[in-house]
Each structure stands twice: as structure tokens, then as C-alpha cells.
Amino acid sequence: MEPETEKEPVAVTAFDVNENTVVVARIDLKIAVEKVTQWNRQWIQPSISIRVIKTDFGRLARRYGAIRRRWAEELSIEIGGKRISGTVTREFKKRVKRLREGDRKRDRVNKIAHQLTRDVAILVTENVCKKPQEEMVEGKKSPQLRHRIKQTPMKAVVEKVQDKATERGLRFVLVPAYRNSKICPTHGVELSFPLGPKLGLCPRGHWVHRDVAAVLNMLIKAAERLEPEYAEALKRALSTVDEKALEEWSKAVVDAEAPRPAVLARASLMTPPGEEAVSPAGDRGHL
Ligand SMILES: [Zn+2]
């Protein structure tokens, strides 16, 4: 397909792909640039909003894993007192093929890429290594968790978004991955993680979810790589992010990560990935 020519961006969108979510931070350039260029519109706040796309890749992998283990057990046989796993049987292979796990994953990857490239935005994400999963697996003790993370097609999501961006003539900016989720995006200081790997505590006394920190720090880094008018708009929008916004966004990410009730979880195998818009402080995110 012939790539479209580059269009004037209306937003800068940073995204961070995780086990069960894609966290997206969007800065509305039109409003932000207007604020910079029109002295009489100073009261307009550059719009920055965060939303969480539920992907449930991790949960999906776990569910398929459980099904496969059950079949392996069910189809196992004993020969001469020796137990042989059902995974070697033709029936097992037939059933696994019918699960269409790969198709379902690809389908989700495509839908996420479509959502992220819908408007004319400059897309920003971090420059992950060849196999980001491998890095995440390090230090994770449980073998099930290690397997689940390996099953998460993070690289596939980033590549698909990049492909679609090229197709649509959208700019795609890769920023260094260094410490994006470990630094407070408002105060620029190192976070500690006293309650586990997700919630960071800033020495200034507020909480921020690592994925919220990650997308905002990506935007801070993107500002160094963009033309002055966009960079200025980004900086202004980012300067409006306070502790209250960070905590509200963080809560929204925590909520989105929470497992759904059992019945809904089963239904979600068939339904497209959900999407939840979050705009703390009333209408701030949608000006
Ligand atoms: Zn802070």
C-alpha cells in the first residue's frame, strides 16, 4: 500500500504496552499551540488526558494455559506404568488448533493499533529492546508469571502501530526507554516502590503508577526531539500536571488492571479490547 503523505498533527500521543493494558497519554496540540500563539487565549489550558486500553493479553494467556493443561491431563495415558502426557496426541494438537489462540491475539493487536492511529497524532513510545518480555521476565520468580509475560505480544503491538502509522502518514517517535517508569514526571526525582512493582512513591509525598510515569516521561523526552512549536506545547501541557492529576490517573490505571468478575472475564474472550477514557479534574482532559 502507498503510504499517505505526512499530515499536520492534531495531537501527540504516547503509549506504553503492558501485560494487560496499554496506557495512553494524549496532548491536544491544536489547543496547546493556540495557547502559545494567541496571547488573548491565555485562559485555555493545554489539554492532556490519559486513557487505558484494556488488552488482557496476560489474562488471555493464563486462561489458554489452564485449558491446555487440563487437556494434557485428560488425554494422558499410562503405558507400562509410565505416564505419557496428552500433549503428544493428535487429539490434543487438533483441539489446540481449534482454540485459535494466535488468531485471537493477532486480532487484538490489530484493534489496538487501529485505536492508536485513529487520529492524526505524532505517536511516541519507548525504544524497547528486541524482546522486551525477556527483560521483564528477569527477576520474576513464578514460572507461570514468566510464561504469561513471554506470551504478551508487546513487540507485536509496537510494530503494528508503527506499520499503521507509516501507512497513514503519521510520525512515529522512539524515545530512550531509560528509567521512564522510575522517575516522577512532575518532580524529576527517583520513585521508590514500597508496595510492589506498580505503585511508585515520590519523595515529595504522592503516588504515581509506573505506567503513568512512563507515558509522561516519554512525552518529556519527545519534547526534545520535536520542532520548537510542538515542544513548547508539550512542555506547557506537561507543566499543568500536578500531584492530584498523577494520583487520579494512577487510580484509573489500577482500576483498569483489576481482574473482571468471572462471568465477564469469560465473555471477554469474544469481545474486543475495552477502552476507558479518564479525565481527572472534571473537564480538564477534554477542553
Ligand atoms: Zn513527584
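Up top you'll find the structure we're talking about.
Everything in this summary refers to the structure shown in the same document. The shown structure was predicted, so the numbers you read here are calculated from the model rather than taken from an experiment.

Points about the environment of K182
Within the secondary structure layout, K182 lies in the loop between β7 (172–175) and β8 (199–201). Taking C-alpha positions, K182 is 9.0 Å from F193, a pair spaced 11 residues apart along the chain. Sequence-distant contacts of K182, defined by excluding residues within four places in its chain, comprise E190 and L191.

Observations regarding helix α4 (residues 101–116)
For an α-helix the count is 3.6 residues per turn, leaving residues at separations of three or four pointing the same way. With 16 residues, α4 ought to run about 22 Å at 1.5 Å a step, and its terminal C-alpha atoms sit 23 Å apart, in line with that. Taken as a whole, α4 has its buried residues at R108, V109, I112, A113 and L116. Taken end-on, α4 shows its buried residues confined to a sector of 135°, consistent with a single buried face. On its buried face, α4 sits against β1 (11–17), β2 (21–28), β3 (48–54), β6 (121–126) and α7 (154–168).

Regarding the nonpolar core
Formed by 55 residues in total, the largest nonpolar core has its most connected members in V12, V212, V215, L219, A222 and L234. Counting residues per element, this core draws most heavily on helix α8 (residues 210–223), at 9 residues. Setting aside residues no more than four positions away along its own chain, V215 makes contact with A14, F15, D16, V23, V24, A25 and I50.

Things to note about the pairing of β3
With 6 of 7 residues buried, β3 lies mostly within the body of the structure. Note: β2 against β3, 7 bridges, orientation antiparallel. Residue V24 lies in a different strand from β3, and its bridge partner there is R51.

Thresholds applied
- Residues numbered from 1 in each chain as written.
- Predicted model: local features only at pLDDT ≥ 70, side-chain atom pairs only at ≥ 80, totals over all residues.
- Helix = DSSP H or I, 4+ residues; strand = E, 2+ residues; numbered from the N terminus.
- Contact = placed C-beta atoms within 7 Å.
- Expected span 1.5 Å × (residues − 1).
- Buried ≥ 20, exposed ≤ 12 C-beta atoms within 10 Å, placed from the backbone.
- Arc of directions from axis to C-beta.
- Core = buried A, V, L, I, M, F, W, Y, C linked by C-beta atoms within 7 Å.
- Pairing = 2+ DSSP bridges.

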